[in-house]
Amino acid sequence: MSKTVFQKIADGELPARIVYQDELVVAFHDINPQAPVHVLIVPRKPIRNLASVTPEDAPILGHLMVKAAEVAQQLGLGATGWRMVFNSGPDAGEAVPHLHGHILGGRHLGWPPG
Ligand code: 5GP
């Protein structure tokens, strides 16, 4: 199967503004930001979306969430707050079939989302 753009970014084959990376996850600025801070955090493992995870992915997902919180803090969102979004499947608008959490902040975020 061909690599997704996020797999290529994680493998260093496509440029991105990376804000954090380790052996399990990579976080980088979204190319089309929807808020003053809009960062994507992805597992290096090519999991399609949240609907595709298995129990063996639990350590990766837990690590991803812990690192997302650290990234949000590092980017100055600690006091004002931020939102984490995972789009899974067509109704949610999933465009890239590689699991990714959107870290959004820096402005008031409406609820419910569109
Ligand atoms: P989705 O709709 O799948 O949840 O979100 C995909 C996100 O990936 C979108 O916010 C889109 O702007 C972002 N994106 C798509 N291609 C690229 C890319 O090549 N580089 C970066 N940094 N972001 C991308």
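Our subject in this report is the structure included herewith. (Residues numbered from 1 in each chain as written. Predicted model: local features only at pLDDT ≥ 70, side-chain atom pairs only at ≥ 80, totals over all residues. Heavy atoms only, no water.)

### A word on the overall build of the protein
Per the secondary structure count, the protein includes two helices and five strands. In the protein, the succession of helices and strands from N to C terminus is α-β-β-β-α-β-β. Computed over C-alpha atoms, the radius of gyration of the protein comes to 14 Å, within 12% of the 13 Å expected from 2.2 N^0.38 for 114 residues, which places it in the range of a compact globule. For the C-alpha atoms alone, the extent of the protein along its principal axes is close to 40 × 30 × 25 Å. In the protein, which comprises 114 residues, the share counted as buried stands at 38%. The contacts in the protein between residues at least 6 apart in sequence include a share of 51% that link residues at least 24 apart. Separation between the mean location of the 9 positive side-chain charges and that of the 10 negative ones in the protein comes to 5 Å. (Helix = DSSP H or I, 4+ residues; strand = E, 2+ residues; numbered from the N terminus. Rg over C-alpha atoms; globule rule 2.2 N^0.38 Å. Buried < 20%, exposed > 50% of the residue type's maximum accessible area, 1.4 Å probe, protein only. Contact = heavy atoms within 4.5 Å. Lys, Arg positive; Asp, Glu negative; His and termini not counted. Charge placed at Lys NZ, Arg CZ, Asp CG, Glu CD.)

### Describing the nonpolar core
A general tendency of soluble globular proteins is for nonpolar side chains to be buried together. Residues Ala27, Val39, Ile41, Val71 and Ile103 are the most contacted members of the largest nonpolar core, which totals 15 residues. Those elements that place two or more of their residues in this core are β2 (25–29), β3 (37–43) and α2 (58–74). Per-element accounting of this core gives the leading share, five residues, to α2. Setting aside its immediate chain neighbours within four residues, isoleucine 41 contacts Val25, Val26, Ala27, Leu64, Lys67, Ala68, Met84, Leu99, His100, Gly101 and Ile103. Judged by nonpolar contacts, the second largest core, of eight residues, contains Phe6, Ile9, Leu40 and Val96. (Core = buried A, V, L, I, M, F, W, Y, C linked by side-chain atoms within 4.5 Å.)

### Examining the site of the ligand
Among the 16 residues in the neighbourhood of the ligand, the closest are listed as Asp30, Gly93, Ala95, His100 and His102. Within the side chain of asparagine 87, one N or O atom sits 2.9 Å away from an oxygen atom of the ligand. Glycine 93 has a polar backbone atom sitting 2.8 Å from an oxygen atom of the ligand. With the chains in place, 80% of the 520 Å² that the ligand exposes on its own is no longer accessible. Mapped by element, the contributors of at least two residues to the shell around the ligand are α1 (5–10), β2 and β3. (Near = heavy atom within 4 Å. Polar contact = N/O pair within 3.5 Å; in protein donor to acceptor, adjacent residues only side chain to side chain. Areas by Shrake-Rupley, 256 points an atom, 1.4 Å probe, with all protein chains shown as cover.)

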